[in-house]
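# Examination of the molecular architecture
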Amino acid sequence: MNSKAREIIVHIIGCLAFLALPIVFRPGSTDNFDIFNDPRSQSDLMSYVLLIVFFYLNYFVFVPTLYLNKKYIYFLVIVLLFFFIVSYLPDFIIPFIHSGQLPPPPPEPPGGRFFLFKVGKVFFLFLVSFFLSLLLRIRGRWKQAEEEKLKTQLSYLRAQINPHFLFNTLNSIYSMAIMKSDDTPTAIVKLSEMMRYVTSESNKDFVSLEKEMAYIFNYIDLQKIRFGKAVEILVNVQGETSGHTIAPLILIPFVENAFKHGINAEENSKIDIHITIIERNLHIMVSNHKVSVHQAEETKSGLGIENTRGRLQLLYPDKHTLIIHDNENDFFVSLTLHLK
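Residues numbered from 1 in each chain as written. Predicted model: local features only at pLDDT ≥ 70, side-chain atom pairs only at ≥ 80, totals over all residues. Heavy atoms only, no water.

Attention now moves to the packing of helix α7 (residues 209-227) against helix α8 (residues 252-261). Across the interface, α7 lies against α8 with an axial gap of 11 Å and an inter-helix angle of 10 degrees. Accordingly, the angle class assigned to the pair α7 and α8 is roughly parallel. Together, E212, Y215, I216, Y219, I220 and Q223 of α7 and I252, V255, E256 and F259 of α8 make up the contact between the two elements. Class assignment for the residues of the contact of α7 with α8 results in seven nonpolar, one polar and two charged. (Axes fitted to C-alpha atoms, helices over the stretch in contact; angles between N-to-C directions. Helix = DSSP H or I, 4+ residues; strand = E, 2+ residues; numbered from the N terminus. Parallel < 35°, antiparallel > 145°, perpendicular 65-115°, else oblique. Contact = heavy atoms within 4.5 Å. Nonpolar A, V, L, I, M, F, W, Y, C, P; charged D, E, K, R; others polar.)

Here it is in structure tokens:
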């Protein structure tokens, strides 16, 4: 069952439970079905129906079109109008249906008249319906804004793939072509596969783990071709990648970060990447020894690890564990994801 169907079922059950309240807690007769012959109970039931109508009108119409557009006066007028409709309309409609036969006066509750007691009860339920629908709509708008922000971040990530990396890779391929290196066709194919993945797959919400891993392996292989034996790169992968899906480009920032800050041909450069897939859990550990790296100002941009942390919180709430250790000499990242 998808989330939309589950949400509809929850709303239906909630409405039925709400409509059952005037029947279950009706004083007097123990026969709940006597409500069909009791004008007062029918009036209460009609008030509850109108409260449900107000709840959904407020959620779908009033809040989005008036409140969120800062038309507060119109919004207040509409809300007050509906309060009077919910409070008074049933007491006019139900007696009219029963040909003017008003119900016998009920016993007054302590401390007030029945009419004031009923209006007070309706007022309380009206406030609950009002604030609940308002908060749910505002929460929905906030969630939508977060999703739009996420899409913007992902689009920016695709745009950043990665100009500095692409520039250096093309220079390396050009140098290999000049020297007629046997690795030139392989490098071109791997770069082509990476760009194809970025343009055709990264706009999806989730992709196969195999494709995401292939993108990472192509990136690492290109770095190996570029730096050769100047850098010690250790890659260890355990587990089965097939049958799983993952958010696109969610892992590569950690790998890119290691190469960005851990490579210098004049220093001891070492990068360790360990990936383990056990059942539906993926664990990736990336570590690098920090080296002196000169970065041009234009290469410092990009989503980076902090924005990736935000993507993880939006895409995998309560389904990931991210640990980062950053000291003077080393950088270590450990991420555990519960895969779909």
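Moving on, we get to the packing of helix α6 (residues 184-200) against α7. The interhelical angle for the contact between α6 and α7, taken along N-to-C directions, is 145 degrees, at an axis separation of 9 Å. Crossing hand, α6 versus α7: left-handed. Contact residues: α6 offers A187, K190, L191, E193, M194, Y197 and V198, while α7 offers K211, E212, Y215, N218, Y219, D221, L222 and I225. Here the contact of α6 with α7 is built from residues that sort into nine nonpolar, one polar and five charged. (Left-handed = near helix turned anticlockwise from the far one by under 90°.)

Another aspect to go through is the packing of aromatic side chains. With the rule as written, the count across this model stands at 18 aromatic pairs. Where F18 meets Y48, the ring centres are 4.8 Å apart and the plane angle is 40 degrees; that geometry is what we call tilted. One end of the pair, F18, is in helix α1 (residues 3-24); the other, Y48, is in helix α2 (residues 39-67), with 30 residues separating them in the sequence. Ring geometry for Y67 versus F75: centroids 5.3 Å apart, planes at 55 degrees, classification tilted. Take Y67: its relative accessible area is 26%, and that puts it in the partly exposed class. Classification of F75 by relative accessible area gives buried; the value is 6%. Each residue in the set F54, F62, F82, F83, F84, Y88, F123 and F126 is aromatic and connected to the rest through ring pairs, giving one cluster. (Phe/Tyr/Trp six-rings, centres within 6.5 Å; stacked < 30°, edge-to-face > 60°. Buried < 20%, exposed > 50% of the residue type's maximum accessible area, 1.4 Å probe, protein only.)

Take N257: it is sitting in helix α8. Look at N257 and you get buried, because its relative accessible area is 15%. Those residues in contact with N257 that sit more than four places away from it in its chain are I305 and F331.

Moving on, we come to the pattern of salt bridges. Counted under the stated rule, the structure contains four salt bridges. With a closest N to O distance of 3.0 Å, D221 and K190 form a salt bridge. Of the two residues, D221 sits in helix α7 while K190 sits in helix α6, which places them 31 residues apart along the sequence. Take K190: its relative accessible area is 17%, and that puts it in the buried class. One salt-bridge network, in which partners are shared between bridges, spans E201, K204 and K211. (Salt bridge = Lys/Arg side-chain N within 4 Å of Asp/Glu carboxyl O.)

Membership of the largest hydrophobic core comes to 44 residues, with the highest contact counts inside it found for I246, L251, V255, F259 and L337. Where this core is concerned, the elements lending two or more residues are α5 (163-178), α6, α7, α8, β4 (270-278), β5 (281-289), α9 (304-315) and β7 (330-338). Beyond its immediate stretch of four places on either side in the chain, F259 contacts Y219, I220, Q223, I233, I271 and I273. Listed in part, the 17 residues of the second largest apolar core include F75, F82, V86 and L134. (Core = buried A, V, L, I, M, F, W, Y, C linked by side-chain atoms within 4.5 Å.)

Taken together, the side chains of I8, I12 and L16 present a nonpolar region at the surface, about 290 Å² in accessible area. Its place among the elements puts I8 in helix α1. (Patch = residues over 30% accessible without salt bridge, like charges linked within 9 Å, V, L, I, M, F, W, Y side chains within 5 Å. Areas by Shrake-Rupley, 256 points an atom, 1.4 Å probe, with all protein chains shown as cover.)

Below, the discussion takes up unusual backbone geometry. Even without a glycine there, the phi angle at K70 is positive, about 65 degrees. In this fold, K70 is placed in the loop between α2 and α3 (72-97). In the Ramachandran plot, L249 falls in the positive-phi region, its phi being about 60 degrees despite a non-glycine side chain. Within the fold, L249 resides in the loop between β3 (245-246) and α8. For L249, a relative accessible area of 0% puts it in the buried group.

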